[in-house]
Amino acid sequence: MYRYYVEKKFNPTYARLDGEDRLAGYMRQRCAMLQNKLALPVRMFEGLEVLEFGPAGGENALVWAKLGADVYLVEPVAEFGRTIREYFERYGLSGKLKLLAQKTFSDFISEKLFDMVVAEGFVYTTGPAQRWTRQLVKFCGEGGFVMLSMPEAGGFLVELLQSRICRIAAARHKIDRIAAAQMIVGQKWNRIAHSRSFESWANDVLYNPYAAYESLNHSGDILQLMYELGCDLYSSWPVLRKEKDISWIKAVVSRQEKLAQQKEAALKLLPSMLMGETVELNRNTPREYYERLLGLIKKELRVLSDLEETATEEDVAEVLSRHRELAGLLNKIVADYEGSRLGELMKEIERCLAGFDDEPARMAERFGSGKILGEVWGSPNQYLVFNFVGDNEL
């Protein structure tokens, strides 16, 4: 993916930390995420050796360093590397930057093991999950942590829909791609807090060639792969944990049992991930319903991902068929589906697909004020923090 950033000449996450106030604000937000969402106390970073892949401009790396960690960075884009050095020099942290290697994720080699290995936002694009999970773990010392974020297939439907609608509109109606995106989802974008420009977000999300079905993973599958590599889930956001776990505090739960509980939690979270907010489920829904739900989500994402500028009515009809099948199963799983916001969202997506070839102005109405699609983003991102409990012989 770094070649795409070089070609488009943009930093997807540049936060413009050009003063102490902006850095302090960024740190407050980042530390709140670490402590409140991921259960990582900020005091634990004092003296830690942190290896981060793909830090882009290095804003998160600055936080590690300010918290007392020694930072080792692997960033293939030379221009991003210059921004990182400027940041560390500006804030008097050059001594904490122990390594800045201009290497790709796959090409980096080191015999050193680290207390924490971090890869946020890009790692899913580097190849099969079996490969990138192994690459992360092999640099982690025993008892250390691996922190990653990735798109969760279950929460990616709305984002992928927006991407395909904007691409088709720009091509069919011969409009600049950023202008098409601004017309269709610009109003929606302006309703949320953000630290990067609309153009940067559109290029990174809506028009990113890697934002496709082939790159998506379900968090339950990643839990299984990391378990096999000797890593147990330490924390996550959204939370993957057994619901209403009332048990004796001294009870010892095996690694295998914990994994099974977490994978089941990931399945039951799927309707909420689709919506991006808590969705109440019917009680006693059989597990196989959730497993089938995951399969249907993946099928719809695959056919939606295949919609290109040349999409025909037959192509769209296939997506609509998958979508209606998915909605039918959700009706069995979700409490009061017809009266729920998720039920309304699924209907709005169906109407959006049915009018996929509309003028951008008409399409913008479907993402406008008063529409569920104008409020909902889904939960496309899953954060996972793992504790490495095995011997590293990778």
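Just so you know, these numbers come straight off a predicted model, no measurement behind them.

Chemist: Could you give me a rundown of a negative patch on the surface, with the residues and numbers involved?
Modeler: On the surface, a cluster of negative charge is contributed by E214, D306, E308, E309, E313, E314, D315 and E318. Mapped onto the elements of the fold, E308 is located in the loop between α12 (287-305) and α13 (313-333).

Chemist: Go over empty space enclosed by the protein, please, and point to the residues and values.
Modeler: Over the atoms, a rolling probe the size of a water molecule traces out where space has been left empty. A complete count under the given rule lists one cavity of 30 Å³ or more for this structure. Taken as a whole, the largest cavity holds about 70 Å³ of empty space. If you go around the largest cavity, the residues you meet are L223, Y227, C231, D232, L233, R255, K258, L259, Q262 and F386. Residue assignment for the lining of the largest cavity shows that the elements contributing at least two residues are α9 (219-228), β6 (231-237) and α10 (255-268). In terms of residue class, the lining of the largest cavity is built from six nonpolar, one polar and three charged.

Chemist: Which residues make up the nonpolar core, and what values go with them?
Modeler: W201, Y207, L330, L342 and L345 are the most contacted members of the largest nonpolar core, which has 62 residues in total. Counting only elements with at least two residues in this core, the list comes to α6 (157-172), α7 (177-189), α8 (198-206), α11 (270-275), α12, α13 and α14 (341-354). Element by element, the count of residues in this core is highest for α6, at nine residues. Look past the residues within four positions of L330 in its chain and what remains in contact with it is P271, L274, L293, Y337, L342 and M346.

Chemist: Provide a residue-level description of a positive patch on the surface, including the pertinent values.
Modeler: A surface patch of like charges, here positive, comprises R292, K299, R302 and K332. For the positive patch, the element with the highest residue contribution is α12, accounting for three residues. If you trace the backbone, R302 turns up in helix α12.

Chemist: Describe the layout of surface pockets, naming the residues involved and giving the relevant values.
Modeler: The calculated volume of the second largest pocket comes to roughly 820 Å³. Broken down by secondary-structure element, the contributors of at least two residues to the lining of the second largest pocket are α10 and α11. Per element, the largest residue contribution to the lining of the second largest pocket is five residues, and it comes from α10.

Chemist: Account for helix α3 (residues 59-66), naming residues and giving values.
Modeler: It helps to recall that an α-helix has 3.6 residues per turn; residues three or four apart then point in one direction. Most of α3 sits out of view: seven of its eight residues are buried. Buried residues along α3 sit in contact with α2 (20-37), β1 (49-53), β2 (70-74), α4 (78-90), β4 (114-120) and β5 (140-151). Positive backbone phi, approximately 105°, marks G68, located one or two places after α3.

Chemist: Lay out the sheet that holds β6 in plain terms, naming residues and giving numbers.
Modeler: The pairing of strands in a sheet comes from backbone hydrogen bonds and takes either a parallel or an antiparallel form. Reading across the sheet, the seven strands line up as β3-β2-β1-β4-β5-β7-β6 and stay open at both edges, with mixed pairing between neighbours. Each of the sheet's edge strands pairs with one partner strand only, and the pair in question is β3 (97-101) and β6. If you compare each strand with its neighbour and ignore which way they point, the axes differ by 15° on average. Bridge count for β1 against β2 is five bridges, and the pairing is parallel. In the sheet register, F53 faces β2, and the bridge partner there is V74. The sheet contacts of α2 involve β4, β5, β6 and β7 (381-388), and relative to β5 the element is tilted by about 110°.

Thresholds applied
- Each chain carries its own residue numbering, running from 1 in the written order of its sequence.
- Per-residue local features are limited, in this predicted model, to residues with pLDDT of at least 70; the limit for side-chain atom pairs, both in listing and counting, is 80 or more; totals at the level of whole chains, interfaces and linings are taken over all residues.
- Neither water nor hydrogens contribute to the side-chain values; these are computed over all heavy atoms in the structure.
- Patch definition: residues with relative accessible area over 30% and no salt bridge; like charges joined within 9 Å; nonpolar side chains (Val, Leu, Ile, Met, Phe, Trp, Tyr) joined within 5 Å.
- Each accessible area value is a Shrake-Rupley result obtained with a 1.4 Å probe; residue values ignore everything except the protein chains displayed when judging cover.
- Definition used for salt bridges: Asp or Glu carboxyl oxygen within 4 Å of a side-chain nitrogen of Lys or Arg.
- In this count, Lys and Arg are taken as positive residues and Asp and Glu as negative ones, while His and the chain termini are left out.
- For charged residues, the charge sits on one atom: NZ in Lys, CZ in Arg, CG in Asp, CD in Glu.
- Helix numbering and strand numbering both begin at the N terminus, where a helix is a DSSP run of H or I of at least 4 residues and a strand a DSSP run of E of at least 2.
- In this analysis a 1.4 Å probe is tested at points of a 1 Å grid over the protein atoms alone, and where it fits but cannot get out there is a cavity; an open set with protein on both sides within 12 Å along at least five of seven lines is a pocket; lining residues have an atom within 4 Å of a point.
- Grid points are joined across faces, edges and corners, and a volume is the space filled by probe spheres set on the points.
- In this count, Pro and Cys sit with the nonpolar residues alongside Ala, Val, Leu, Ile, Met, Phe, Trp and Tyr, while Asp, Glu, Lys and Arg are called charged and the others, Gly among them, polar.
- Throughout, nonpolar core names a set of buried Ala, Val, Leu, Ile, Met, Phe, Trp, Tyr and Cys residues whose side chains join them through atoms within 4.5 Å.
- Type-normalised accessible area, obtained with a 1.4 Å probe on protein chains alone, sets the label of each residue: buried when under 20%, exposed when over 50%, and partly exposed for intermediate values.
- Contacts are assigned to residue pairs with any non-hydrogen atoms lying within 4.5 Å of each other.
- Here the rule is simple: two strands pair whenever DSSP picks up at least two bridges between them.
- Axes, fitted as lines to C-alpha atoms, cover a helix only where it is in contact. Angles between the N-to-C directions of the axes lie from 0 to 180 degrees.

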